[in-house]
Amino acid sequence: MTPENKKILDRINAYAETALADIDPQKTRISFQLEALKPVMEEIAAEKDVSVEDIFILYMDLASEASVEAENQLQATLDEDEAADFSRIANRLS
């Protein structure tokens, strides 16, 4: 993810924290959630001189990429913890 794309993702996510603060994402239609994000996406689109649709697609791609990265980091942490626990157990048995 480029630094510019990271800024875009962070900006939309920061806006989402406020715009979607009072909703349950599991119970709220995606279309409603995206409609709530439309103002910030329109701002970014105007600044970048691209369509709102392009920003929407970019956001979805970046959010997916960030999600995969977060999952990879979690797995790495869990793997490290598991390896550490195995070592502790092995040390206790010796």
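Residues numbered from 1 in each chain as written. Predicted model: local features only at pLDDT ≥ 70, side-chain atom pairs only at ≥ 80, totals over all residues. Heavy atoms only, no water.

**Some points on the nonpolar core**
Judged by nonpolar contacts, the single largest core of 14 residues is most densely connected at Ile12, Leu37, Met41, Ile44, Ile55 and Tyr59. Among the elements that line this core, the one with the most residues is helix 2 (residues 30-48), at six residues. Leaving out residues up to four positions away in the same chain, Leu37 has contacts with Ile12, Tyr15, Ala16, Leu20 and Tyr59. (Core = buried A, V, L, I, M, F, W, Y, C linked by side-chain atoms within 4.5 Å. Buried < 20%, exposed > 50% of the residue type's maximum accessible area, 1.4 Å probe, protein only. Helix = DSSP H or I, 4+ residues; strand = E, 2+ residues; numbered from the N terminus. Contact = heavy atoms within 4.5 Å.)

**Let's talk about helix 2**
By the largest-angle criterion, Lys38 marks the main kink of helix 2, which is about 45°, and a proline, Pro39, follows within four residues. Taken together, the buried positions of helix 2 are Gln33, Ala36, Leu37, Val40, Met41, Ile44 and Ala45. Two residues or fewer after helix 2 comes Asp49, characterised by a positive phi angle close to 55°. (Bend = angle between axes of the 7 residues up to and from the residue.)

**Section: the pattern of salt bridges**
On inspection of all chains with the given rule, the structure shows four salt bridges. Notably, a salt bridge pairs Arg11 with Glu43, separated by 3.0 Å at the nearest N-O pair. Pair noted here: Arg11 is in helix 1 (residues 3-19) and Glu43 is in helix 2, with a separation of 32 residues, a long-range link. Relative accessible area serves as the criterion here: at 29%, Arg11 is assigned to the partly exposed category. In this structure Glu43 comes out as partly exposed when scored by relative accessible area, which is 42%. Through salt bridges with shared partners, a single network forms among Arg11, Glu43 and Glu47. (Salt bridge = Lys/Arg side-chain N within 4 Å of Asp/Glu carboxyl O.)

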